Amino acid sequence: MRHPWWIAAVGAIAFSAFFWAVGGAVDLGLEQHARGRYGLPDGGQRYTYALFGGAVVALGSTLTLAGRRVPGWKTALLPAAGLAVGAASVLVLGQELRHWIAAGSMALAGVVVVLVAVRRGFADPRGSERASR
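What counts and what doesn't
Residues numbered from 1 in each chain as written. Predicted model: local features only at pLDDT ≥ 70, side-chain atom pairs only at ≥ 80, totals over all residues. Heavy atoms only, no water. Core = buried A, V, L, I, M, F, W, Y, C linked by side-chain atoms within 4.5 Å. Buried < 20%, exposed > 50% of the residue type's maximum accessible area, 1.4 Å probe, protein only. Helix = DSSP H or I, 4+ residues; strand = E, 2+ residues; numbered from the N terminus. Contact = heavy atoms within 4.5 Å. Phe/Tyr/Trp six-rings, centres within 6.5 Å; stacked < 30°, edge-to-face > 60°.

Formed by 14 residues in total, the largest nonpolar core has its most connected members in Phe 15, Phe 19, Leu 65, Leu 78, Val 90 and Met 106. Secondary-structure elements contributing two or more residues to this core are helix H1 (4-28), helix H2 (45-66), helix H3 (72-93) and helix H4 (97-120). Here the element with the most residues in this core is H1; it accounts for 5 residues. Setting aside anything within four residues of it in sequence, one finds Phe 19 in contact with Pro 79, Gly 82, Leu 83, Gly 86, Ser 89 and Met 106.

What follows is the structure, given as structure tokens:
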């Protein structure tokens, strides 16, 4: 399970779960709990698990790939894959203005991540030699 492709696959799935949970938070909204705290409604427990679990696993897989001698393009594109899933899931959950704003923000962030990766030379599998210099 230490192969970079497995780590990248687990990271992409974790980022997808994380941004799917963000989409659920946009759809459900936040409600005020005791002592003025805000959180997801009770029906959003699966989103809460995906939010925290996805964040921890995604961070771990990204740090594992980034800790290698040459981080490579897989590390840079993990969040972009999750952002694409998140943008699609937000629009599947609803079509209100808040859904479109969230999906647009996720799509824009995904494009920015890819552009930064290309600019730094991480997005090209053959350009990994440039990243080690």
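Okay, back to it.
Here we come to the packing of aromatic side chains. Evaluation of the coordinates by the stated rule reveals 2 aromatic pairs. Ring centres of Phe 15 and Phe 19 lie 6.3 Å apart, and the angle between their planes is 15°; on these two criteria the pair is classed as stacked. A residue pair is termed a helical-turn pair when its members lie 3 or 4 positions apart in one helix, as Phe 15 and Phe 19 do in helix H1 at 4 residues. Of the two residues, Phe 15 and Phe 19, neither departs from the other in class, the shared state being buried. Seen in terms of ring centroids, Phe 18 and Phe 19 are 4.9 Å apart; in terms of plane orientation they differ by 75°. Their pairing is edge-to-face. Residue classification places Phe 18 among the partly exposed positions, given a relative accessible area of 22%. For Phe 19, a relative accessible area of 13% puts it in the buried group.

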